[in-house]
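A look at the structure
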Amino acid sequence: MHFEYQIEGGNFTRAGYASSEIKKKLKQLNVDLGIIKRTVVATYEAEVNVVAHAYSGTIYVDFDEEKVVIKLVDEGPGIPDIDQAMKEGFSTASSTVREMGFGAGMGLPNMKKNADDLQITSEVNKGTTVVITMFFKKEAKDL
Amino acid sequence: MTVKELKEKLDLTIYSGEQGLDNEITGGYVSDLLSDVMGNADAGEVWVTLQTHKNVMAIASLKDMAAIILVNNHKPEEDTLAQSNEEGIPLLGTAMTTFEVTGRLWELIKK
Ligand SMILES: Nc1ncnc2c1ncn2[C@@H]1O[C@H](COP(=O)(O)OP(=O)(O)OP(=O)(O)O)[C@@H](O)[C@H]1O
Ligand SMILES: [Mg+2]
C-alpha cells in the first residue's frame, strides 16, 4: 500500500494532518498500539520540521506485511550539520515559531528515540530527506 | 476521574469538545513546549498549557489525551475550538495560574 501527502512550509494550521491520516491507517491495520504511538511521535516531528524549517515537502508512505516506511522529502535550506541538529536543545527556529511553543530542539531527538530506524540526508540550499522505518513485529528488526 | 468530574471539582470553564466530557483521566502533563508534550505526554492525560493555537489540539488528538486546560484566562483561537469539537477532546479554561491548577490537579488525581 502506498500513500502520499503534501506539506506546505510555513502553514502551521495544517501541521499534523498527514500524521493523523497515517495514524488512522495504522489503526485500521490493527498495528500494536505501542508501535502506533511511536510512529505518531516520529512522523509528527518530521512533518512539523518541514512546516517550520522548509518550503514544501512530500510524505511517501509504504506499508507492507512487516513494516511501514515513511519518507519525507522537502525542498528547503537543508541541514548543514546533522550531528549538531540531532543534539537536544539545538534549534534555528524563528522567534514566531518559538512563541508557538515549537523550537525546543527536541523534535529530532524524539524521532531518534521513537523510530525503529531513522535516516537523514540533507543538502544545503536544496533540501532534506528523512526516512522513518517502523517494524510491526519487534522481532523483525533483530532477525 | 472523568473530565466532567474534574471540571466540576476545579470549577473550570468549558469552551468546546463537550462530547469528550466522559473521557477518563489517567494523569496529567504540564508544558508549553510542543515537542516536550509530543515526546513525554501519554494517552488519557490532561494537558495544562497557555498555548491557545490549533496545533495544541493536533497534538492532543495524536496522543489521545483526555482534555486540555488553558491557564490564566487564556482564550482558545477559533480554529482550536473547531478542532476540539471535531475530535471530541474537551478544551477547558481557568483563571488559575499553571502552579495553582497543577497543584490542585495533583491532589485530585495522584495515585
Ligand atoms: N526539514 C528540515 N529542514 C531544514 N532544517 C531542519 C529540518 N529539520 C530539522 N532542521 C534543523 O534542525 C534543527 C533541530 O530540529 P528539531 O526538530 O530537533 O528542533 P526544532 O524543530 O528546532 O524544535 P522542536 O522540534 O523542539 O519544536 C532545527 O532547528 C533546524 O535547524
Ligand atoms: Mg522540530
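Quick notes on the rules
Numbering of residues starts from 1 in each chain and follows the order in which that chain's sequence is written. Chains and ligands are labelled sequentially in the order written, the chains with letters from A and the ligands with numbers from 1. Totals for whole chains, interfaces and linings use all residues, but because this is a predicted model, local features are given only for residues with pLDDT of at least 70 and pairs of side-chain atoms are given and counted only at 80 or more. Heavy atoms throughout the structure, all of them, feed into the side-chain values; hydrogens and water do not. The way it works is that DSSP assigns letters per residue, a run of H or I at least four long becomes a helix, a run of E at least two long becomes a strand, and they are numbered from the N terminus. Note on classification: 1.4 Å probe, protein chains only; a residue is buried when its accessible area is under 20% of the maximum for its type, exposed when over 50%, partly exposed between these limits. Pairs of residues are marked as contacts when any of their non-hydrogen atoms sit within 4.5 Å. Exposure was quantified through the Shrake-Rupley algorithm and a 1.4 Å probe, taking into account, for residues, occlusion by the shown protein chains and nothing else. Values of the radius of gyration come from C-alpha atoms, whereas the globule rule sets the reference at 2.2 Å times the count of residues to the power 0.38. Under the convention used here, Asp and Glu are negative, Lys and Arg are positive, and both His and the chain ends fall outside the count. In this description, the location of a charge corresponds to atom NZ of lysine, CZ of arginine, CG of aspartate or CD of glutamate. We define buried area as the total accessible area lost by two parts upon association, computed with a 1.4 Å probe and summed across both. We call a residue near a given molecule or strand whenever any one of its heavy atoms falls within 4 Å of it. Pairing of N or O atoms within 3.5 Å defines a polar contact, subject to two protein rules: one partner must be a possible hydrogen donor and the other a possible acceptor, and residues neighboring in sequence count only if both atoms are side-chain atoms. Here a cavity means grid points, on a 1 Å grid over the protein atoms only, where a 1.4 Å probe fits yet cannot get out; a pocket means an open set of points with protein on both sides within 12 Å along at least five of seven lines; lining residues are those with an atom within 4 Å of a point. Occupancy of a cavity or pocket is assigned to a molecule whenever over half of its atoms lie within 2 Å of that pocket's grid points. For a helix, the expected span equals 1.5 Å multiplied by the residue count minus one. For Phe, Tyr and Trp, where Trp contributes only its six-membered ring, two rings pair if their centres lie within 6.5 Å, and the inter-plane angle classes them as stacked under 30 degrees, edge-to-face over 60, or tilted in between. By definition here, charges over rings are those cases where NZ of Lys or CZ of Arg is within 6 Å of the ring centre and within 35 degrees of the ring normal.

Notes on the overall build of chain A
A tally of regular secondary structure across chain A gives 5 helices and 5 strands. Along chain A, helices and strands appear, N-terminal first, in the series β-α-α-β-β-α-α-α-β-β. Residues classed as buried in chain A amount to 50% of the 143 residues present. Look at the contacts in chain A between residues 6 or more apart in sequence, and 64% of them connect residues 24 or more apart. Working note: accessible area of chain A is about 7400 Å², and carbon and sulfur atoms make up 49% of it.

Let's talk about the overall build of chain B
Looking only at helices and strands, chain B has 5 helices and 5 strands in total. For chain B, the succession of helices and strands along the chain, N to C, is α-β-β-α-β-α-β-α-β-α. At 12 Å, chain B has a C-alpha radius of gyration in line with the 13 Å of a compact globule built from 111 residues. A principal-axis box enclosing the C-alpha atoms of chain B has dimensions of 30 × 25 × 25 Å. The buried share among the 111 residues of chain B stands at 54%. For chain B, restricting intrachain contacts to residue pairs at least 6 apart in sequence, the fraction spanning at least 24 positions comes to 49%. Distance between charge centroids for chain B: 6 Å, based on 9 positive and 18 negative side chains.

Looking at the interface of chain A and chain B
Each partner contributes residues to the interface: chain A has 21 residues there, and chain B has 21 residues. Across the interface of chain A and chain B, roughly 1600 Å² is buried in total on both sides, 54% from carbon and sulfur atoms. The largest share of the area that chain A buries against chain B comes from Lys-23, Tyr-44 and Met-100 of chain A, three residues that together contribute 27% of it. At the level of elements, helix H1 (17-28), helix H2 (33-53) and helix H5 (107-114) of chain A are the ones that each hand at least two residues to the side of chain A that touches chain B. At 5 residues, H2 of chain A tops the list of elements feeding residues into the side of chain A that touches chain B.

What to know about the environment of Val-40 of chain A
Here Val-40 of chain A shows up in helix H2. With 30 residues separating them in the primary sequence, Val-40 of chain A and Gly-10 of chain A have C-alpha atoms 21 Å apart. Setting aside chain neighbours within four positions, we find Val-40 of chain A in contact with Lys-23 of chain A together with Met-38 and Leu-62 of chain B.

Quick word on the site of ligand 1
Residues in contact with ligand 1 amount to 21 residues; listed here are only the nearest, His-53, Asp-74, Ser-91, Thr-92 and Gly-103 of chain A. Residue neighbours of ligand 1 fall on chains A and B, so the site bridges chains. At 3.1 Å, a backbone N or O of Ala-104 of chain A approaches an oxygen atom of ligand 1. Between ligand 1 and Gly-107 of chain A, the relevant distance is 3.1 Å, taken from an oxygen atom to a main-chain nitrogen or oxygen of the residue. For ligand 1, the protein covers 96% of the area, taking 590 Å² as the surface of the free molecule. In this structure, ligand 1 is accommodated by the largest pocket. Of all elements in the fold, only H2 and H5 of chain A reach the threshold of two or more residues within the shell around ligand 1.

Re H1 of chain A
Between its first and last C-alpha atoms H1 of chain A spans 17 Å; for 12 residues at 1.5 Å apiece the expected length is 16 Å, and the two agree. Burial in H1 of chain A covers these residues: Ala-18, Ser-19, Ser-20, Glu-21, Ile-22, Lys-23, Lys-25 and Leu-26 of chain A. Buried residues in H1 of chain A make contact with strand E1 (2-8), H2, strand E2 (56-63) and strand E3 (67-75) of chain A together with helix H3 (55-62) of chain B. Within two residues after H1 of chain A, Asn-30 of chain A carries a phi angle of roughly 60 degrees, on the positive side.

What about the packing of aromatic side chains?
Residues and elements named next belong to chain A. Counting across every chain of the model gives 2 aromatic pairs over all chains. The interplanar angle of 85 degrees and the centroid separation of 6.0 Å between the aromatic rings of Phe-3 and Phe-63 together place this pair among those described as edge-to-face. Within this pair, whereas Phe-3 is found in strand E1, its partner Phe-63 is found in strand E2, the two being separated by 60 residues in sequence. Owing to a relative accessible area of 8%, Phe-63 belongs among the buried residues under this scheme. Directly above the aromatic system of Tyr-17 lies the positively charged group of Arg-14, at a separation of 4.5 Å from the ring centroid.

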